[in-house]
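Examining the three-dimensional arrangement
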Amino acid sequence: MEDQSSRGTYRNCCFLSDIDKVDFDSIFNQSSHTFSFGSPDILPMFAKGASPGKVLTWCYDEEAEDFTKGYATALDTWVLDQLRNLFQNASTDATLDLHLRQDKVIFFLHLLGLDTTGHAYRPYSKEYMRNIQVVDGEDPDNTRTPLIAWGKGIRGPLPDTTPSSHDEYSKPWKLDSFLRRDVSQADLAPLMASLIGIDWPVNSVGVHPDVDPTQAGYLATRRGDAALARYSFINVQVLLEHYRVKHEMKAAHALFYKPFAALEGESRIWMEKIHTIERLIEGGRWYDARRYSAELIRTCLEGLRYLETYDRLLIRAIVVVAYFGWAAYASILLVPDVERFSIATERGIDIGAIITLLSLWTVFWTRDSPWTFYVYVAFPCYFWREFCLRGVPAFRLLVTESAWTYRKLCMQATLVIVTLQSMVVCCIAHIRWSAQMSANKPVQISAAIQMGLLAVTMLVTSSSVMSLQAKNGLPPFNQIAAWVILVISSVYPFTLKCEYPSPMSKIISLFLAFGVCFVVLSISAEGLFYSAYTCNLLLWIEIEAILRQSPTTNGSVSKPAHVAPYHFQVDDIRIALFFLFYVQVAFFGTGNVASISSFYLEPVYRLVPIFNPFLMAALLIFKIVCPYVILSAAFAVLNARLGLPPFSLFLVALTLTDGMTVTFFLNVTDTGSWLEIGQSISFFCITSLLLAWSAGICTAGEYIMADTLLPMRPIKRE
């Protein structure tokens, strides 16, 4: 939150990835000098965005961010010690003493200990509570942070109002007799700027806490209400400049642009309101000037929001049409080729597609849109053109010749939609869902080796956990042993030259290989999930084979004489839905990831005790991928057991995935806490990647199981 507060902006969920690309203004850049202490990952951002030599940084080494040795309070005490040393050095260094006593000086203390302890031991652990006592913080919360202000220019405490300003959140503070005055994150920048007398950050959209005269502010200025009225007027001018620039950019490019009525109308209303505030200040009517400024600020923020979301409806419509167009296009591959429309009808469809595409391109050209927009609309136009030419005649014939009525089709479609939306609800709620071996001697030896590796992993992991719980750090031997076993076990089934007697035996070999990962990187019961997940997949294969009346004995099946062309069956929808269900469960059931923006790092400390975000992320991703290896193998076996061509069932799933993706896309939000915003975006990203990810699963499964599935594949008719 530190960077947004200093800039006067709200959180950008991608700020860590683009910090090397964009220089931003902040109160640190507007200060005479900023003395900052803390993390080597955070402080360089402010030094890079500020004028050279203005922001001075003191950073500890990255090795100090050890998640496993004792408490992370050492990071915070280091910061406080460095600040104390700075003040002591100033007593003997006249130049340093002069810099410290200048006006417009800022001291920035970045206390990473709480963040580190929260990741290592979770927010409600005793370790976290102890760290809170060190830095004198409050209850861990994702959206609220205690704001403490004191000193020259700050008003004293005020008695509480009726009704009380406190709620259940602040009652434990035992400050019920004093007024609680909350501010938004972006409001800190104008408050700090006014306290030390510097210019506001260029991109600030914060509102000064003293603007609204009906609420208690933070300042106690020597010039009284006159200064507060002028601060309010400056706040109005800053926000109006933001609005004016955005408005002119939008009006210059948008086709049939509709301005924000509350500020524009027939005349530029905001100019009249500015003159009104100026007259009130000149007449000494400070209270009215602040009240009028507060009203205009609220209108400005509404106008900024209006401009920021001006194109949202158009973009959403294009995305929704594109996703459904992709689903419609994929469905063409599920139906046989039939006689197409007449030449005149096809020509009309082509003309309609071309007119639609050129119309949208014209709109984008007038809006000066990026080139990617032109590509975005080209694909859905092509998809829907192909569906109208090839898909509509085929589906019409399919319905006409089958026993299905339109009513029955609608009921089936409704059932599919309900099932997909149920998966969406399960994802948002973060629901986590808590052997066959032959007498083949090489396979038995291989299994024994893998189970031995698994047993050794349990012993090493148990020793590591006890050492970490005792705050003794990770023993080097345990770290090396865990890495060696994890690597050997993961590559073992792919390097083993062994002929598996059946597909099931190879799936079990893969299960044992990646079981090591779920021992080393387990938080609680992920190993049980992994076992149950694999058993479910094996049962799924058998049940679907029985329902399709495929004879089976010990995992084998009689090989069809020739490859038959794929013909869509209604049962394939059920199989595709189960496939999508297992894809979702494989991600959310691993226990440590609820979304891209929410996960625990605790399991990786048994391999990486020093903070290393890329390696830690790679281990977490590897843990997520492991169940997908089992799913890919099972899905390939299922295709073969049912006598279907590779990827045929995947094409059915492909047409259904977009229903979930569109739902998550419409749920994406840019308001709320960073966690809510991040989760809404990550859910959409996850389901969007399901298209490519599912294709990868099927490809990987066919490759991994190629040697065991070859005897089950039918011969291709010449």
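About the thresholds
- Residues numbered from 1 in each chain as written.
- Predicted model: local features only at pLDDT ≥ 70, side-chain atom pairs only at ≥ 80, totals over all residues.
- Heavy atoms only, no water.
- Core = buried A, V, L, I, M, F, W, Y, C linked by side-chain atoms within 4.5 Å.
- Buried < 20%, exposed > 50% of the residue type's maximum accessible area, 1.4 Å probe, protein only.
- Contact = heavy atoms within 4.5 Å.
- Pairing = 2+ DSSP bridges.
- Helix = DSSP H or I, 4+ residues; strand = E, 2+ residues; numbered from the N terminus.
- Axes fitted to C-alpha atoms, helices over the stretch in contact; angles between N-to-C directions.
- Phe/Tyr/Trp six-rings, centres within 6.5 Å; stacked < 30°, edge-to-face > 60°.
- Lys NZ or Arg CZ within 6 Å of the ring centre and 35° of its normal.
- Patch = residues over 30% accessible without salt bridge, like charges linked within 9 Å, V, L, I, M, F, W, Y side chains within 5 Å.
- Areas by Shrake-Rupley, 256 points an atom, 1.4 Å probe, with all protein chains shown as cover.
- Salt bridge = Lys/Arg side-chain N within 4 Å of Asp/Glu carboxyl O.
- Lys, Arg positive; Asp, Glu negative; His and termini not counted.
- Charge placed at Lys NZ, Arg CZ, Asp CG, Glu CD.
- Parallel < 35°, antiparallel > 145°, perpendicular 65-115°, else oblique.
- Left-handed = near helix turned anticlockwise from the far one by under 90°.
- Nonpolar A, V, L, I, M, F, W, Y, C, P; charged D, E, K, R; others polar.
- pLDDT = per-residue confidence, 0-100.
- Expected span 1.5 Å × (residues − 1).

Quick look at the nonpolar core
- Ranked by size, the top nonpolar core spans 79 residues in total, and within it I507, F579 and L631 carry the most contacts.
- Not counting residues within four places of it along the chain, the set of residues in contact with F579 comprises W540, L631, F635, A653, S694, I697 and C698.

Regarding the sheet that holds strand β1 (residues 33-38)
- In space, the three strands of this open sheet follow the order β2-β1-β3, with parallel pairing throughout. Only two strands of the sheet have a single partner each, and these edge strands are β2 (55-59) and β3 (105-109). Adjacent strand axes in the sheet meet at a mean angle of 10 degrees when their direction is disregarded.
- As paired elements, β1 and β2 share five bridges and run parallel to each other. Bridged to S36 within β2 is T57.

Here we look at the packing of aromatic side chains
- Counted under the stated rule, the structure contains 32 aromatic pairs.
- Between W540 and F578 the ring centres are 6.5 Å apart and the planes differ by 40 degrees, which places this aromatic pair in the tilted class. Of this pair, W540 sits in helix α20 (residues 526-547) while F578 sits in helix α21 (residues 571-588), and the two are 38 residues apart along the sequence.
- Judged by relative accessible area, F578 falls into the partly exposed class, the value being 36%.
- Among the aromatic residues, those joined into a ring-pair cluster are F529, Y533, W540, F578, F579, F581, Y582 and F635.
- Over the aromatic face of Y218 sits the side chain of R155, whose NZ or CZ is 5.9 Å from the ring centroid.

Looking at a negative patch on the surface
- There is a patch of like negative charges on the surface, built from D41, D61, E62 and E63.
- Structurally, the position occupied by D41 is in the loop between β1 and α4 (43-49).

What to know about a positive patch on the surface
- Together, K152, R222, R223 and R230 line one region of the surface with positive charge.
- Secondary-structure assignment places R222 in the loop between α9 (188-196) and α10 (225-253).

Side note on the pattern of salt bridges
- Taken as a whole, this structure holds 17 salt bridges when the rule is applied.
- In this structure, the salt-bridge partner of R390 is E386, at a minimum N-O distance of 3.1 Å. Residue R390 and its partner E386 are located together in helix α15 (residues 371-401), separated by four residues, close to a single helical turn.
- Overall, the relative accessible area of 29% leaves R390 in the partly exposed class.
- On the basis of relative accessible area, E386 is assigned to the buried category, the value being 9%.
- Connected through shared salt-bridge partners, R285, D288, R291 and E295 make up one network.

Details of the side chain of S232
- For S232, the location among the structural elements is in helix α10.
- Here S232 falls in the buried class, since its relative accessible area comes to 1%.
- Discounting chain neighbours no more than four positions away, the residues touching S232 are D210, V211, R290, S293 and I297.

Digging into the pairing of β1
- Here β1 lies mainly inside the structure; six of its six residues are buried.
- What you see with β1 is no split at all: H33, F35 and F37 on one side and T34, S36 and G38 on the other are buried throughout.
- Sheet analysis places β1 next to β3, joined by five bridges and oriented parallel. Across the sheet, residue F35 finds its bridge partner in β3, namely F107.

Brief notes about the packing of α21 against helix α22 (residues 613-641)
- Where α21 contacts α22, the two axes come as close as 8 Å, and the packing angle between them is 165 degrees. Classified by the angle between their axes, α21 and α22 sit roughly antiparallel to one another. Every pair of crossing elements has a handedness; the one defined by α21 and α22 is right-handed. Along its contact with α21, which presents I575, F579, Y582, V583, A586 and F587, the element α22 presents I624, P627, Y628, L631, F635 and L638.
- Grouping the amino acids of the contact of α21 with α22 by side-chain chemistry returns twelve nonpolar, no polar and no charged.

Side note on the packing of helix α11 (residues 269-282) against helix α12 (residues 286-308)
- Contact geometry of α11 with α12 gives a least axis separation of 8 Å together with a crossing angle of 160 degrees. As judged from the angle between their axes, α11 and α12 are roughly antiparallel. Taken as a pair, α11 and α12 cross one another with a handedness that is left-handed. Seen from α11, the contacting residues are K273, I274, T276, I277, L280 and I281; seen from α12, they are W286, D288, A289, Y292, S293 and L296.

Overview of the confidence of the model for the chain
- The share of residues in the chain with pLDDT of 70 or more is 79%, and the mean pLDDT across the chain is 77.
- Considering each helix and strand of the chain separately, the mean pLDDT is smallest for helix α2 (residues 15-18), with a value of 39, and largest for α12, with 91.
- Contacts for the low-pLDDT stretch residues 7-22, under 50 throughout, to residues beyond four places or in other chains number 41 contacts.
- Considering only residues more than four positions removed or in separate chains, one finds that residues 550-559, a stretch of pLDDT under 50, has 20 contacts.

Things to note about helix α14 (residues 343-366)
- Taking 1.5 Å per residue as the helical rise, α14 with its 24 residues ought to reach 34 Å, and the 35 Å between its terminal C-alpha atoms agrees with that figure.
- Inspection of α14 places E346, I349, A353, L357 and F364 among the buried residues, and these make up the whole buried set.
- Where α14 ends, the next residue or the one after it, D368, has phi of about 55 degrees, a positive value.

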